[in-house]
Amino acid sequence: MNLPFSMSFPRLIALCAIAFCAGFIDSIAGGGGLIQLPGIMAFLPEVPAVTLLAVNKTSSMCGTITAVVEYFRKGLVNLRRMWKSALIAFITSALGAYAAKRVPNELLKPLIIGLIAFLIVFTLLKKDFGERETVSRFSTRQQTVLGLLLGLCIGFYDGFFGPGTGNFLIMGLIFIYGMDFLHASADTKTINAMTNISAFIMYTRMGIGNIPLGVTMGLFNMLGAHLGVRMAVLKGSRFIRVLFIVMSC
């Protein structure tokens, strides 16, 4: 059996296990990239970082598409509200993927750590945040504008780097629309799937990545996402909130 990058079979098994865990976690509370990308980099240190970003996107794309389908089948996805944000995120994700080949990703690390730390503190202090749906503090027009801005910024970031995208989206959707964690997680996957597809297309056009490895990991990511959605629906928003905090930490 010819393995990608001439890796050993045990190393491939480890990467598939990481992809499964990432898909499971990401489909519930976001943050799968916080598991998967560092895992890929740890097991393939000899491979260029931009190639590993592309592999991560290929695997994540499989998982997020699976999660969207599962949440949609359960009636939890609001496509009417999310399609504009998803569309602009699709466009800006391609721009982010294009920039990833030219800008050092290390420049983002301090900013991302600071933002995720803020999310943890905010969620812990505001104990009822996202546990149930509330009336949004914004008008319909303001929600549309803020949703587009969220899609624009998150789309570019996800194409450029990625880890923590789900966490930022969940918090943004709860803040803008007054969602609970369950519905925010479902709608997050709609936007996240579009950013992953867009970045995957751009990376492929630039000849970056390893599709056999990405798809192999993607199959396990899909399995994790399938089981994760079932767990999210079964346990509800309070469980997702706790897992969100744990993953952010």
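Everything below is about the structure printed above this text.
If you're wondering where the values come from, they're calculated on a predicted model, not measured in any experiment.

A. Representation of the overall build of the protein chain. Within the protein chain one finds ten helices and zero strands. Along the protein chain, helices and strands appear, N-terminal first, in the series α-α-α-α-α-α-α-α-α-α. Relative to the compact-globule value of 18 Å for 249 residues, the protein chain shows a C-alpha radius of gyration of 17 Å, a close match. With respect to the principal axes defined by its C-alpha atoms, the protein chain has extents near 55 × 35 × 35 Å.

B. Quick look at the pattern of salt bridges. Per the stated rule, a full pass over the model turns up five salt bridges. We note a salt bridge from Arg11 to Glu46, for which the minimum N-O separation is 3.5 Å. Placement of Arg11 in helix H1 (residues 9-29) and of Glu46 in the loop between helix H2 (33-43) and helix H3 (49-73) is noted, with a sequence separation of 35 residues between them. For Lys189, the salt bridge goes to Asp26, with nearest N and O atoms at 4.0 Å. You can see Lys189 sitting in helix H8 (residues 181-205) and its partner Asp26 sitting in helix H1, a full 163 residues away along the chain.

C. Molecular detail of the packing of aromatic side chains. If you walk through the whole model with that rule in mind, you get four aromatic pairs. Between Phe156 and Phe160, the ring centres sit 6.1 Å apart and the planes meet at 10 degrees, which makes this aromatic pair stacked. Placement of both Phe156 and Phe160 in helix H6 (residues 140-160) is noted, with a separation of four residues, approximately one turn of the helix. Judged by relative accessible area, which is 36%, Phe156 ranks as partly exposed. Ring geometry for Phe181 against Phe244: centres 5.5 Å apart, planes inclined by 55 degrees, an arrangement best described as tilted. Remark: Phe244 occurs in helix H10 (residues 237-248) and Phe181 occurs in helix H8; sequence separation between them is 63 residues. Judged on exposure class, the residue Phe181 and its partner Phe244 are both buried. Stacked on the ring of Tyr177, the Lys or Arg Arg81 has its end atom at 4.9 Å from the ring centre.

D. Region of interest: the nonpolar core. Formed by 48 residues in total, the largest nonpolar core has its most connected members in Tyr71, Leu173, Tyr203, Ile240 and Phe244. Mapped onto this core, the elements with two or more residues apiece are H1, H3, helix H4 (79-100), H6, helix H7 (165-177), H8, helix H9 (211-235) and H10. Take this core: its biggest share by element is eight residues, from H7. The residues contacting Ile240, other than those within four sequence positions of it, are Ile28, Ala29, Phe181, Leu182 and Ala232. Judged by nonpolar contacts, the second largest core, of twelve residues, contains Cys16, Ile40, Leu44 and Met217.

Cut-off values and rules
Along every chain, residues carry numbers that run from 1 in the direction the sequence is written. Since the coordinates come from a predicted model, pLDDT governs what is reported: local features require at least 70, and pairs of side-chain atoms require 80 or more to be given and counted, while whole-chain, interface and lining totals use all residues. In computing side-chain properties, one takes all heavy atoms of the structure into account and sets aside hydrogens as well as water. In DSSP terms, a helix is any run of H or I states spanning at least four residues, a strand is any run of E spanning at least two, and both are numbered starting from the N terminus. In this setup the radius of gyration rests on C-alpha atoms only. A globule is expected at 2.2 Å times the number of residues raised to 0.38. Note on definitions: salt bridges are taken to be side-chain nitrogens of Lys or Arg within 4 Å of carboxyl oxygens of Asp or Glu. Ring pairs are drawn from Phe, Tyr and Trp, using the six-membered ring of Trp, whenever the two centres fall within 6.5 Å, and their geometry is named by plane angle: stacked under 30 degrees, edge-to-face over 60, tilted for the rest. Think of it in three bands: with a 1.4 Å probe and only protein chains considered, a residue is buried below 20% of the maximum accessible area for its type, exposed above 50%, and partly exposed in between. Two conditions define a charge located above a ring, namely a distance within 6 Å from the ring centre to NZ of Lys or CZ of Arg, and an angle within 35 degrees of the ring normal. Among buried residues, the Ala, Val, Leu, Ile, Met, Phe, Trp, Tyr and Cys ones that are joined through side-chain atoms within 4.5 Å form a nonpolar core. Any pair of residues with heavy atoms lying within 4.5 Å of one another is described as a contacting pair.

The quantities given are spatial measurements derived from coordinates; they are silent on function.
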